[in-house]
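# Reading the structure
Listed below, chain by chain, are the residues.
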Amino acid sequence: MAQHIDSTGVGNPITAVLLAFRAMDTLLEAMVLLLALLGVWSLAADQHWGGRPGLAYTLQPNSILTYTARVLPPLGIMAGLYIFWVGADAPGGKFQGATLLASMWLLVLIAGLSKAPPLKRRWLRVWLVLGPLVFIGVGWLGTLLAGAFLAYPPGMAKPLIVAIELALLPSLTLILGLLMLGIPRRSVSP
Amino acid sequence: MNTATLFGLCASALIGMGVYGLLTNPQPLRKIIALNIIGSGIFLLFGAIAYRGAGAGMGSDPVPQALLITGIVVAFSATALAIALLLRLYEVTGSVSLASDEANPPDHKPGAPE
């Protein structure tokens, strides 16, 4: 492992394991998250199918929650993106960054500043599957160019790993946030 | 006793507590929490294994640590799905118990405070 880490172009050994040596695990992990989200969605009552998930939060303009939800997200999003970016060379990465971004999104939703999107929106579904699809696409690219699924062509490992992480970040943020919001409980209109 | 052993023993204690909770508590929510405590113990165990397997100039063995991250994410998604199932069970039946209705009448009605 220590002998081969240089070939990946990634400085953080954990990221190298996750996305180079055991990339299949990480792909399946993203699939498990997506399947869990589908499982949660499928528990919706018939009239709420494709509706907004979670409870309806009312905005209380003078509460400390609203104040925090206005002040904290810029800092939290910066921290999340930083943690995502340093994942190549230091502890961090897409899951950790996505967790922070998702918590900021949930904070804004719980304060009532914004509403969770109805689950039948097409853009939402595109963003959800984008990360795993890019991951699978890179895997097939490895089949064509390097002879094995998820094998990286020599010299291309770092850019491809960054591309996978970049595509997975928004997908994971949405999946984690929507998993926390839970079952669709409201129809689309309110 | 070195650090890895201490972490390992703590991990065993957590797993033991979790198994005890899983076996003795009939409520599904407590079973979910107990399962998460078992999970925490296993994550700690992986951390101890990674710490013990340090070598080749690395602070700790990265393979168990990478598996650990994967495990945490999978445990999170499983817990979220289990909680969603439990909430749906409560919505449909008005009870959060797995016992059959004849033997144990539900102690919760919809709308009653938790």
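Residues numbered from 1 in each chain as written. Chains lettered and ligands numbered in written order. Predicted model: local features only at pLDDT ≥ 70, side-chain atom pairs only at ≥ 80, totals over all residues. Heavy atoms only, no water.

What follows concerns the overall build of chain A. Of regular secondary structure, chain A possesses six helices and two strands. Along chain A, from the amino end to the carboxyl end, the secondary structure elements read α-α-β-α-α-α-α-β. Counting contacts in chain A only where the partners sit at least 6 residues apart, residues at least 24 apart contribute 77% of the total. As displayed, chain A offers around 9,400 Å² of accessible surface, 69% of which is attributable to carbon and sulfur atoms. (Helix = DSSP H or I, 4+ residues; strand = E, 2+ residues; numbered from the N terminus. Contact = heavy atoms within 4.5 Å. Areas by Shrake-Rupley, 256 points an atom, 1.4 Å probe, with all protein chains shown as cover.)

What follows concerns the packing of helix α2 (residues 23-41) of chain A against helix α5 (residues 122-146) of chain A. Angle between the axes and distance between the axes: these two values describe a pair of packed helices. Residue and element names in this part refer to chain A. One way to put it is that α2 packs onto α5 with a least axis distance of 10 Å and a crossing angle of 160°. Viewed along their axes, α2 and α5 adopt a mutual orientation that is roughly antiparallel. Here α2 and α5 pass one another in a crossing that is left-handed. Contacts between α2 and α5 involve Ala23, Thr26, Leu27, Ala30, Met31, Leu34, Leu37 and Trp41 from the first element and Arg125, Leu128, Val129, Pro132, Phe135 and Ile136 from the second. (Axes fitted to C-alpha atoms, helices over the stretch in contact; angles between N-to-C directions. Parallel < 35°, antiparallel > 145°, perpendicular 65-115°, else oblique. Left-handed = near helix turned anticlockwise from the far one by under 90°.)

With that settled, consider the pattern of salt bridges. A side chain of one charge can pair with a side chain of the opposite charge when the charged atoms of the two come close. All chains considered together, the criterion is met by three salt bridges over all chains. For Arg185 of chain A, the salt bridge identified is with Glu91 of chain B, shortest N-O distance 2.2 Å. Of the two residues, Arg185 of chain A sits in strand β2 (residues 184-186) while Glu91 of chain B sits in helix α3 (residues 62-93), which places them in two different chains. Classification of Arg185 of chain A as partly exposed rests on a relative accessible area of 23%. (Salt bridge = Lys/Arg side-chain N within 4 Å of Asp/Glu carboxyl O. Buried < 20%, exposed > 50% of the residue type's maximum accessible area, 1.4 Å probe, protein only.)

Right, let's talk about the packing of helix α3 (residues 64-86) of chain A against helix α4 (residues 94-110) of chain A for a bit. Residue and element names in this part refer to chain A. One can describe the packing of α3 onto α4 by two numbers: an axis separation of 8 Å at closest approach and a directional angle of 165°. Considered as vectors, α3 and α4 are oriented roughly antiparallel to each other. For α3 against α4, the interelement crossing comes out left-handed. Here Leu65, Thr68, Ala69, Leu72, Pro73, Gly76, Ile77, Ala79, Gly80, Leu81, Ile83 and Phe84 of α3 lie close against α4, whose contacting residues are Lys94, Gln96, Gly97, Leu100, Leu101, Met104, Leu107, Val108 and Ile110. Classifying every residue of the contact of α3 with α4 by side-chain character gives 15 nonpolar, five polar and one charged. (Nonpolar A, V, L, I, M, F, W, Y, C, P; charged D, E, K, R; others polar.)

Taken together, the contacts link 23 residues of chain A with 20 residues of chain B. Taking both partners together, chain A and chain B bury about 1,900 Å²; carbon and sulfur atoms supply 80% of that area. Looking at the side of chain A facing chain B, the largest losses of area belong to Ile14, Glu29 and Leu43 of chain A, adding up to 25% of the total buried there. At the junction of chain A and chain B, the tally comes to one salt bridge. Along the contact surface separating chain A from chain B lie two residue pairs in polar contact (both at pLDDT 80 or more). (Buried area = accessible area lost by both parts, 1.4 Å probe. Polar contact = N/O pair within 3.5 Å; in protein donor to acceptor, adjacent residues only side chain to side chain.)

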